[in-house]
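A structural walkthrough
If you want the building blocks of each chain, they are given just below.
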Amino acid sequence: MSAQTQGGQTPAIELKGISKAFGPVQANKDISIRVMPGTIHGIIGENGAGKSTLMSILYGFYKADSGEIYINGKLTEIPDSDAAIAAGIGMVFQHFKLVKNFTVLENVVLGAEDGPMLRPSLRRGRQQLKELSEEYGLNVDPDAVIEDIGVGMQQRVEILKALYRQADILILDEPTGVLTPAEADQLFRILNRLKEEGKTIILITHKLREIMDITDTVSVMRRGEMTSTVKTTDTNPADLAERMVGRKVLLRVDKKPATPGEVVLDVRNLDVVDEKDVHRVKGVSFQVRAGEILGIAGVSGNGQSELLEVLGGYEEATGEILLNGQPLDLSGAKSDGQSRRARGIAHVPEDRQHEGLIMNFSAWENTAFGYHHDEKYQKNGLLMDNSAILKDAQEKMDRFDVRPPNPLLAAKNFSGGNQQKIVVAREIERDPDLLLVGQPTRGVDIGAIEFIHQQIVALRDAGKAILLVSVELEEIMGLSDRIAVMFDGKIMGERLPSETDEKELGLLMAGMTDTDAPHSIEEIEQNLAHAGEAE
Amino acid sequence: MDFFTFVQLGDASVRMAIPLLLACLAGLFSERAGIFDIGLEGKMLAAAFLAAAVSLVSGNAWVGLLAGIGISIALSLIHGLASITFRGNQLISGVAINFFAAGLTVVVAQGWFAQGGRTPSLPKDARFNGIDFPGALTRVRDKMQADPWAQFYSEFISGHSILVYLGLLTVPLSWWVLYRTRFGLRLRAVGEAPEAVDTAGISVVRLRYTAVIIAGVLCGVAGAYLSTAVQAGFTKDMTANRGFIALAALIFAKWRPWYALGACLLFGLFFAIDNRFQNIQLEVIWIMTGLFAAAAAMTLYALRRERIDLIVLGGLSAVLVFVGLATWIGAMDEAIGATAALFETVKVPSQLIQSLPYLFVVVVLAGFVGKAIPPRAGGQPYVKER
């Protein structure tokens, strides 16, 4: 049976009426989509919109409840990944599926060996890897061990894996989440090259900029449904955001100029050496004033997490930190989250599922964690006043628009954005002098991002100091009043958002101090790989 | 000690190392595939019993060996069913197998043979006997008078049962399978990153079951070796925690076949020392030196760690120092003067010698011997996500 054609061409992929439910949750509802060969097709949607489920069906991870898949016009059953590979589909997952202590070559060959003996497979693999590298400009060292190379390189290995299996259709799931802007540009160059060679590429992302930059066509998903498919040239970011969320969204953070006051946080020559004796933070100094947001940009793993942990009271450090002029204990002996809170530091941790919430506990319990010693939560000085906490939780959830507004529900049952709202509500409501915020919108959908950003700005306008750590440059640029860039444990420089751009910040994030000079991608990669050695 | 004593010690070390080695490689295959196997002990024990019982009845050690392998594979499959198919807790499943084997072997042995939970002694032809190589001396008296090379050849090289040679061969074989075959690559991958194997279109379940079955075969041979080659029959709990020592050896060996050989030979040496030297006499000064050195090493180590380590290890060091001083003071009764007491010889308690391999297990597990990184996906059932 031949599928419908468009402009005389058979679509590389055509999905017809795909539906998939997990229990009562309808992840995909009657989805039909057509992807033309030799194009880059973007799929955009909020978290939980069903993008990943759809692609997992295409890659044989899930079986659709109903619907048909046509590959190059041919009706194809994809019961498992093996069948997907045989149909010429390759997938680059958001979390790489690589064996970390294997070499690049071994990872590429794994599962696509020629025979029971390894050596001939490896020999042919090495040869072919070389050819593929040259053909598509994907430079990798076949003998490098995965855990020793940077994420950008690892991603290239994933792409090579797919190409080695002769994939004609490449699906990339949130590929730029872990990349610096320079690395992302490099990835896009590779994708364009692949497109020129006739490969079909599906790009799943929630970043509007990427869709606009590189795709030919874009499909928007919302709540399990494919709401629209348009030519990229016929749309714009605001339009796409509206299609994603279903209402108008403010993409830029709306904020007045800051009016900085007294210095609240004064960090002087801070050094952190972790338990593995790795020097994570190297002589960092900065100040945050009342009524301003200092954004710390950087590729993850360059010391930002450790910085937050020290300020949050659960990592030891040397140096000096003054809060409102008084020193904080850095020895780890007297410091913990509790003592920091007592000093007026609130913390929205980077990893909300592990550090911000107890996932199996209900929302109302989570809204009180760390503050359960507060007098208003105590009864007779001995017991916790559960009804007071519950009542408080309900108020907070209403005010922060947590959905569903049910405080008895376990934290794990909320979406990422609503989980984050619970954490933010808990920390902001305490009226802290200093708010530490790590990756406030990681895994949070656009609607909730807007809300959380507004809350942070409101706190700033109330005259509080805010230290924001994020790997999302857009977020840093939009929220911060000043930007510091961290690389390899050091602060590379401070910039004002009005006087810098993503390119300059990207170079600082890659450890380039001289941002005026032209830099090659190789140079950047080398620098990043060097910084990675510490890990 | 003369050369022949060394040869004998080496010979005994190899004999004692073989069951450890087989169990260790069984654990290696299983754990490299991501399935922790704490049930090595139980599988060995069940195999030891069934191998002895079937050898006895059939009169053929090979039939017994097959029976031993069979029951061991059966237990492996139960472990596989629990931990791979039903994604249960691998430790609990392993512990269950150990209890099951420890109890049932004795009960069935009593039911079949009514000799208090053991099998009757196996006749010579129902056992795996030593193979004498051409030209090897067989009588101990001849060996003692022979030249060193003949001693080495006759005692160390020749005279073992076929299972010893097979056991030693499994080391290069395992290495070859792991590092030179497609199966080995996939096996190593599935223990590190099952999701990588799965997305490459290979069945995680099938790979893990294969690994578990290989572990079953190796444990079966190990058990049969104990009851039909080393001993002549099954006795209650005859594996004597070798399954657990094999796990420690596996950690010590960093999950590598050749290292496993080294680790198991070391443990075999401890067992051999225990067998051979029930009665070791040492001068007090050496005992004190040894104990003080151990105490100093532990304290120095603890000083670089946290306070709790210092309390625990410092306390342990204090005990060692106390034992050393007590030995000295005890020796003063025999000798005249404190200095003379230092050179008095005393008997090292045989219990201490017996506990050497187990003490070393503790040392290995405490991580004093380098850092061992287990396979990353070890112990976790694989659940497809997204």
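Residues numbered from 1 in each chain as written. Chains lettered and ligands numbered in written order. Predicted model: local features only at pLDDT ≥ 70, side-chain atom pairs only at ≥ 80, totals over all residues.

You'll find chain B entered in an unreviewed UniProt entry as Sugar ABC transporter permease, with Thalassorhabdomicrobium marinisediminis given as the organism. Database annotation for chain B, UniProt heading Subcellular location (unreviewed entry): "Cell membrane". (UniProt positions renumbered as here; feature names shortened; annotations may be inferred.)

Looking at an unreviewed UniProt entry, one finds chain A named Heme ABC transporter ATP-binding protein, with Thalassorhabdomicrobium marinisediminis as its source organism. Note on chain A: under the UniProt heading Sequence similarities (unreviewed entry), the record states "Belongs to the ABC transporter superfamily." In the Subcellular location (unreviewed entry) part of its UniProt record, chain A is described as follows: "Cell membrane".

The helix and strand tally for chain B stands at 17 helices and 2 strands. Against the 2.2 N^0.38 benchmark of 21 Å for 386 residues, chain B shows a C-alpha radius of gyration of 23 Å, consistent with a compact globule. Seen through its C-alpha atoms, chain B measures out along the principal axes to roughly 75 × 60 × 45 Å. For chain B, the proportion of its 386 residues judged to be buried stands at 44%. Expressed as a percentage of contacts within chain B between residues at least 6 apart in sequence, the contacts between residues at least 24 apart total 77%. (Helix = DSSP H or I, 4+ residues; strand = E, 2+ residues; numbered from the N terminus. Rg over C-alpha atoms; globule rule 2.2 N^0.38 Å. Buried ≥ 20, exposed ≤ 12 C-beta atoms within 10 Å, placed from the backbone. Contact = placed C-beta atoms within 7 Å.)

The next subject is the overall build of chain A. When helices and strands are counted, chain A shows 18 helices and 22 strands. Taken over the C-alpha trace, chain A has a radius of gyration of 25 Å; the compact-globule value for 535 residues is 24 Å, and the two agree within 12%. With the C-alpha coordinates aligned to their principal axes, the bounding extent of chain A is approximately 75 × 50 × 45 Å. In chain A, which comprises 535 residues, the proportion classed as buried is 48%. Sequence separation of 24 or more characterises 67% of the internal contacts of chain A that already satisfy a separation of 6 or more.

Residues and elements named next belong to chain B. Here helix H7 (residues 162–180) crosses helix H8 (residues 182–192) at 80°, and the two axes come no closer than 5 Å. In terms of orientation, H7 lies roughly perpendicular with respect to H8. Two secondary-structure elements touch here, H7 through Val-177, Leu-178, Tyr-179 and Arg-180 and H8 through Phe-183, Gly-184, Leu-187 and Arg-188. Of the residues that constitute the contact of H7 with H8, the class distribution is 5 nonpolar, 1 polar and 2 charged. (Axes fitted to C-alpha atoms, helices over the stretch in contact; angles between N-to-C directions. Parallel < 35°, antiparallel > 145°, perpendicular 65-115°, else oblique. Nonpolar A, V, L, I, M, F, W, Y, C, P; charged D, E, K, R; others polar.)

So, about the domain arrangement of chain B. Along its sequence, chain B is organised into domain 1 (3–276) and domain 2 (280–354). A straight line from the C-alpha centre of domain 1 of chain B to that of domain 2 of chain B covers 36 Å. (Domains from an automatic or database assignment.)

Moving on: the pairing of strand E12 (residues 279–289) of chain A. All names here are of chain A. The pairing of strand E11 (residues 263–273) with E12 spans 7 bridges and is antiparallel. Across the sheet, Val-263 pairs through a bridge with Arg-289, a residue of E12. With antiparallel pairing between neighbouring strands as the criterion, E11 and E12 make up a hairpin whose turn holds 5 residues, including Asp-277 at a positive phi of roughly 65°. (Pairing = 2+ DSSP bridges.)

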